[in-house]
Amino acid sequence: MYKSLVLMFLGLLTILPNCSQLIPTESLPQNPMNANLASSSIADLETAVNEQVNQYRASKKLPPLSIDPRITKQARIHSENMASGKVKFSHDGFEGRAKALAIPYQSVAENVAYNMGFSDPVRNAVDGWIKSDGHRKNMEGQFNLTGIGIAKNAKGEYYFTQLFVRRR
């Protein structure tokens, strides 16, 4: 079976503590379940991220995150900008995204991921976040709202942004 040579990068950012780092990781093993996700609509992929993150949170006895369309809008803009090359794969502009939410919040955090060549890009991104201490900390944080944005470019690269918000 032909395997694609794939690079995957993950990034995380939290307001407190204010850390911004990109963490290169190895390609992660694929889960054969949900293999049809690669051909799903972007909105379906975003929903799948939320479902998988909430399944993980439930396994840790944490409440689910509710999707807020204002947060999703900002996450999508960032993913689209990264996918188009308008901005580099990074957390650049995070403070601006947080301010643009128009939601009173106590804290905000961000996870980003990039991958290509996987039958289930969502599972690949979420599994990578779970295996990374900083990303997992964001996923396990005391947040109650989220927004997820995914963009795919012509090269087949998927860019993910998930914003986590604890509303005041």
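If you're wondering where the values come from, they're calculated on a predicted model, not measured in any experiment. Within any chain, residue numbers begin from 1 and follow the written order of that chain's sequence. Whole-chain, interface and lining totals are the exception, using all residues; otherwise, since this is a predicted model, local features are given only for residues with pLDDT of at least 70 and side-chain atom pairs are given and counted only at 80 or more. Working from all heavy atoms in the structure, the side-chain values ignore hydrogens and water.

What to know about the side chain of Asn54
Here comes step 1: Numbered from the N terminus, helices here are DSSP runs of H or I no shorter than four residues, and strands are runs of E no shorter than two. Within the secondary structure, Asn54 sits in helix α1 (residues 42-59).
Here comes step 2: To sort residues, take the accessible area from a 1.4 Å probe on protein chains only and compare it with the maximum for the residue type: under 20% means buried, over 50% means exposed, and anything in between is partly exposed. Its relative accessible area of 14% is what places Asn54 among the buried residues.
Here comes step 3: In what follows, residue pairs with any heavy atoms lying within 4.5 Å of each other are defined as contacts. Setting aside anything within four residues of it in sequence, one finds Asn54 in contact with Pro64 and Leu65.

A short note on the confidence of the model for the chain
Close inspection of predicted coordinates is inappropriate in any region flagged by low pLDDT.
Here comes step 1: Think of pLDDT as the predictor's per-residue confidence, scored from 0 to 100. Averaged over all residues, the pLDDT of the chain is 82; the fraction at 70 or higher stands at 76%.
Here comes step 2: Note that residues 1-39 has pLDDT below 50 and, in this model, 101 contacts with residues that lie over four places away or in other chains.

Concerning helix α4 (residues 121-130)
Here comes step 1: Counting buried residues along α4, nine of its 10 residues qualify, which places the element largely inside the surrounding structure.
Here comes step 2: Among all positions of α4, only Pro121, Val122, Arg123, Asn124, Ala125, Val126, Asp127, Gly128 and Trp129 are buried.

Quick word on the packing of aromatic side chains
Two aromatic rings, taken as a pair, are described by how far apart their centres are and by the angle between their planes.
Here comes step 1: Pairing of aromatic side chains here covers Phe, Tyr and the six-membered ring of Trp, requires ring centres within 6.5 Å, and sorts the geometry by plane angle: under 30 degrees stacked, over 60 edge-to-face, intermediate tilted. Here the structure, examined in full by the defined rule, presents five aromatic pairs.
Here comes step 2: Ring centres 6.3 Å apart and planes at 55° place the aromatic pair Phe89 and Tyr159 in the tilted group. A residue pair is termed long-range when its members are at least 10 positions apart, and Phe89 in the loop between α2 (69-84) and α3 (94-100) and Tyr159 in strand β6 (residues 158-167) qualify at 70 residues.
Here comes step 3: Relative accessible area serves as the criterion here: at 8%, Tyr159 is assigned to the buried category.

Details of unusual backbone geometry
Here comes step 1: Positive phi outside glycine occurs at Lys61, with the angle close to 60°.
Here comes step 2: Residue Lys61 is classed as exposed on the basis of its relative accessible area, which comes to 76%.
Here comes step 3: Positive phi values are uncommon outside glycine, yet Ala102 reaches one of about 55°.
Here comes step 4: Position of Ala102 among the secondary structure elements: in the loop between α3 and β4 (105-115).

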